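Okay, here's what each chain looks like letter by letter:
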Amino acid sequence: MQSEMAIGLKTTLHMDFDAALQRVIDALKAEGFGVITEIDVKDTLKKKLDIDFHPYRILGACNPSLAHRAITTAPDVGLLLPCNVTVVQADDGVQVAIIDPKMMMSVLPNEGLRVIADEARERLNRVIKALEA
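Within each chain, residue numbers correspond to sequence positions counted from 1 in written order. Residues qualify for local features only when their pLDDT is at least 70, as the model is predicted, and side-chain atom pairs are given and counted only at 80 or more; totals for whole chains, interfaces and linings, by contrast, use all residues. Side-chain calculation: all heavy atoms of the structure are included, whereas hydrogens and water are not.

Q: How should I be thinking about the overall build of the chain in this particular structure?
A: Numbering goes from the N terminus for both helices and strands, where a helix is a DSSP run of H or I of at least four residues and a strand is a run of E of at least two. Helix and strand content of the chain: five helices and six strands. Along its sequence from the N terminus, the chain presents helices and strands in the succession β-β-α-β-α-β-α-β-β-α-α. Within the chain, the fraction of its 133 residues that count as buried is 38%. Note on contacts: a residue pair is in contact if any heavy atoms of the two residues lie within 4.5 Å. For the chain, restricting intrachain contacts to residue pairs at least 6 apart in sequence, the fraction spanning at least 24 positions comes to 67%. Accessible surface, the chain as shown: approximately 7,400 Å² in total, 57% of it carbon and sulfur. Only four residue types enter the charge count, namely Lys and Arg as positive and Asp and Glu as negative; His and the chain termini do not. A single reference atom marks each charge: NZ on Lys, CZ on Arg, CG on Asp, CD on Glu. One finds the centroid of the 15 positive side-chain charges in the chain at a distance of 3 Å from the centroid of its 19 negative side-chain charges. For every residue, the accessible area obtained with a 1.4 Å probe (protein chains only) is divided by the maximum for its type, and the residue is called buried under 20%, exposed over 50%, and partly exposed between those limits. Accessible surface area values rest on a Shrake-Rupley calculation with a 1.4 Å probe, where residue burial reflects the displayed protein chains alone.

Q: In this structure, what is going on with the pattern of salt bridges? I would like to understand it.
A: A pair can form between side chains of opposite charge whenever their charged atoms are brought close. Any carboxyl oxygen of Asp or Glu that lies within 4 Å of a side-chain nitrogen of Lys or Arg is treated as forming a salt bridge with it. All told, the structure shown has twelve salt bridges when counted by the stated rule. Where Glu-119 meets Arg-69, a salt bridge forms, and the shortest distance between an N and an O atom there is 2.9 Å. Of the two residues, Glu-119 sits in helix α5 (residues 111-132) while Arg-69 sits in helix α3 (residues 64-73), which places them 50 residues apart along the sequence. With a relative accessible area of 24%, Glu-119 lands in the partly exposed category. The network of salt bridges with shared partners includes Lys-102, Glu-111, Arg-114 and Asp-118.

Q: So what exactly am I meant to see when it comes to the packing of aromatic side chains here?
A: Here a ring pair, both rings aromatic, is described through the centre-centre distance and the interplanar angle of the planes. To pair, rings of Phe, Tyr and Trp, with the six-membered ring standing in for Trp, must have centres within 6.5 Å; the planes then decide the type, stacked if under 30 degrees apart, edge-to-face if over 60, and tilted in the middle. Across all of its chains, the model carries one aromatic pair by this definition. Consider the rings of Phe-53 and Tyr-56, whose centres lie 6.2 Å apart with planes at 45 degrees: the pair is tilted. A residue is classified by how much of its surface remains accessible, and Tyr-56, at 23% relative accessible area, is partly exposed.

Q: Looking at this structure, how should I read the nonpolar core?
A: Inside soluble globular proteins, nonpolar side chains tend to come together where they are buried. Of all hydrophobic cores here, the largest spans 32 residues; its most connected members are Val-24, Leu-28 and Val-85. Mapped onto this core, the elements with two or more residues apiece are β2 (8-13), α1 (17-30), β4 (56-62), α3, β5 (83-90), β6 (93-99), α4 (101-105) and α5. The greatest single-element share of this core, amounting to eight residues, is contributed by α5. The definition of a nonpolar core used throughout is a set of buried Ala, Val, Leu, Ile, Met, Phe, Trp, Tyr and Cys residues joined through side-chain atoms within 4.5 Å.

Q: Help me understand the side chain of Glu-31, please; the structure alone is not making it clear to me.
A: With respect to the secondary-structure elements, Glu-31 resides in the loop between α1 and β3 (34-40). Of the residues examined, Glu-31 reaches a relative accessible area of 14% and is grouped as buried. Nitrogen and oxygen atoms within 3.5 Å of one another constitute a polar contact, given that in protein one can donate a hydrogen and the other can accept it, and given that sequence-neighbouring residues count only through two side-chain atoms. In this structure the side chain of Glu-31 is engaged in a polar contact, spanning 2.9 Å, whose partner is the side chain of Arg-126. Apart from residues no more than four positions distant in its own chain, Glu-31 is found in contact with Asn-63, Arg-123, Arg-126 and Val-127.

Q: Is there a simple way to explain helix α2 (residues 41-49) in this structure?
A: An α-helix turns once per 3.6 residues; consequently, residues spaced three or four apart project the same way. Capping the start of α2 is the job of one residue whose side-chain oxygen sits 3.2 Å from the backbone nitrogen of Lys-42: Asp-40. Note on α2: the residue one or two positions beyond its end, Asp-50, has a positive phi of about 55 degrees.

Here is the structure:
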């Protein structure tokens, strides 16, 4: 079930972690977002701190067209890119959270960015809906 967080959108999937991760990647791709970075938090914590942690991935999702428009509109927006998506194993399933581009872009007062953020948010809302289908 989808819910809004203060900084993004969130849903819980009831499936295996790896299957959920692939489903998220596929849903992002369907909306024109590629995963350009992937951080395996569980693996990193084990290697760097010898801490056992539950599966937790941070995906950097980018829609090249939207990113190009945003960077062209306001070059400093690159500090806010890409859109982060978390995929986290929880007791009740796999939690997926996606940053809200409107909230992210609100730190730069630029009308052109607002329009781009609106479009990005619509696409990411469709990602969440596809995950829940």
